[in-house]
Amino acid sequence: MSLAAEQPVLRELLRAHAADFAERFGPGPRPRVFFAPGRVNLAGAHLDYNGGPVLPMAIDRGTFVALRPRADRRLTLASTVESGDCEVDLRRSPSRTGTWADYPLGVAAELVRASGPQCGADLLYGGNLPIGGGLSSSASICVATAFALDRVWELGRETLDLVHAALRAEREFVGVQCGIMDPYAIGFARPGHLLWLDCKDASYAHLPVDPAALCIGVADSGVRRDLARGDFNARVEQCAAVFARLKSLAPQAQCLRDVPAAVLNDARAQLDALHARRARHVLSEVERTFAMRAALEAGDLAEFGRLMAQTHASLRDDYEVSTPELDCLVESALERPGVYGARLTGAGFGGCCVLVLAPGARAGLAEHVQARFEQRFGRRPRVDFFQGDRGPREIEL
Ligand code: GLA
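Residues numbered from 1 in each chain as written. Predicted model: local features only at pLDDT ≥ 70, side-chain atom pairs only at ≥ 80, totals over all residues. Heavy atoms only, no water.

S.K.: Help me understand the sheet that holds strand E5 (residues 86-89) in this model?
M.R.: In a beta sheet, neighbouring strands pair by backbone hydrogen bonds and run either parallel or antiparallel. Ordered by their spatial adjacency, six strands build an open sheet running E5-E4-E6-E3-E1-E13, and the pairing between neighbours is mixed. Looking at strand neighbours, the two that pair on one side only are E5 and strand E13 (393-395), the edges of this open sheet. Strand-to-strand twist in this sheet, taken as the mean axis angle between neighbours without regard to direction, amounts to 25°. Packed on one face of the sheet, helix H2 (residues 102-115) meets strand E4 (74-79), E5 and strand E6 (121-127) and runs near 155° to E4. Packed on one face of the sheet, helix H3 (residues 137-152) meets strand E1 (32-41), strand E3 (56-69), E6 and E13 and runs near 45° to E3. (Pairing = 2+ DSSP bridges. Helix = DSSP H or I, 4+ residues; strand = E, 2+ residues; numbered from the N terminus. Axes fitted to C-alpha atoms, helices over the stretch in contact; angles between N-to-C directions. Contact = heavy atoms within 4.5 Å.)

As structure tokens, this is what we get:
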């Protein structure tokens, strides 16, 4: 389905969301509705916070926000997919609640900090993106909130500014030490393109992809680990620690991505095995990511996919963020002809795998992966096929 043909589907979903809003918040003026996509990442796994290049693509599933201004200075946040509402006074700095509401709350606090208290609003969140599944549901909700509040409060901020408000909310208010990839991937998405983002200087370029040649699948392991946030922050700290050691041997390096592979090889004996493995993933992934861009530009999807599968092996063995369920999804997808590559996407520790395939390879793929997975784990995982998408936007109903 082309993006143009998707729009009526999205509008229908948002109409239903606006109706849910009226049910939750009562009669009154019709709410304005906004959408921000999620993303898959095809190359550059765990490179953003190491200053490396990444290659994400926004997908046509994401966060819905319905919003109606209030006469007072209160902000009410509710959700159709998460439990627990939250109400705050915009004249006071909010405290963390430890719930889903921290993401939008952190963004609202960021915008208020920079522009002063604004009018209150009732917001209802929803969406069609698996939550906590590695498809960037958290950046999606943050960017959607930044975009929606910017429009309703008429702040006139640039996309880059909104992306950074989303990022600061997640890092400073929620407390996840994430890199810049996810909000950039969502904020700067362009349909029919992947985003090549160099996380060292945040420069980016849009690389065209031909939907007639390449299709994106997502297989969801169904595993959600509460520990993921702690495990993720631990990887960030391990990379910072190994970079601190290697920097004395590579004084020009500004981040782990800059350390030459030869320096790591020579230093291996002085590093503990875990840190050496983490650095080996990062440096090999930097090389693979450049090679994947070259393969994409040369139209060599077989090579692109081969490198993706190598990334998964590196994430499993050196970075240790895979799970048996994710490995099974990758292995079974790769058994099918026409599947170029597969790997876990997002942080790992559960969540989803992204599959890159020839459009003709869709037939029977989901059934095959589901059957293989069911043999081992006794349940059938979801397998979906996604289109690329544009960035956050208001939807006219
Ligand atoms: C999570 C983080 C991103 C990135 C990926 C791994 O999605 O939010 O910043 O580090 O993991 O590539």
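S.K.: Sorry, what's going on with the pattern of salt bridges here?
M.R.: Note that side chains of opposite charge can pair when their charged atoms are close. Per the counting criterion, the structure on display carries 29 salt bridges. Of the charged contacts in the structure, one is a salt bridge between Arg-15 and Glu-12, with a shortest N-O distance of 2.7 Å. Remark: Glu-12 and Arg-15 occur in helix H1 (residues 3-25); sequence separation between them is three residues, near one turn of the helix. For Glu-12, a relative accessible area of 45% translates into the label partly exposed. Here Asp-258 and Arg-257 are joined by a salt bridge, their closest N and O atoms 3.9 Å apart. Its relative accessible area of 16% is what places Arg-257 among the buried residues. (Salt bridge = Lys/Arg side-chain N within 4 Å of Asp/Glu carboxyl O. Buried < 20%, exposed > 50% of the residue type's maximum accessible area, 1.4 Å probe, protein only.)

S.K.: Looking at this model, I keep getting lost on the environment of Tyr-319. Mind explaining?
M.R.: In this fold, Tyr-319 is placed in the loop between helix H9 (301-317) and helix H10 (324-334). Tyr-319 sits in the buried class, given a relative accessible area of 0%. Those residues in contact with Tyr-319, other than ones at most four positions away along the chain, are His-46, Tyr-49, Asn-50, Arg-235, Cys-239, Arg-278, His-281, Val-282 and Ser-314.

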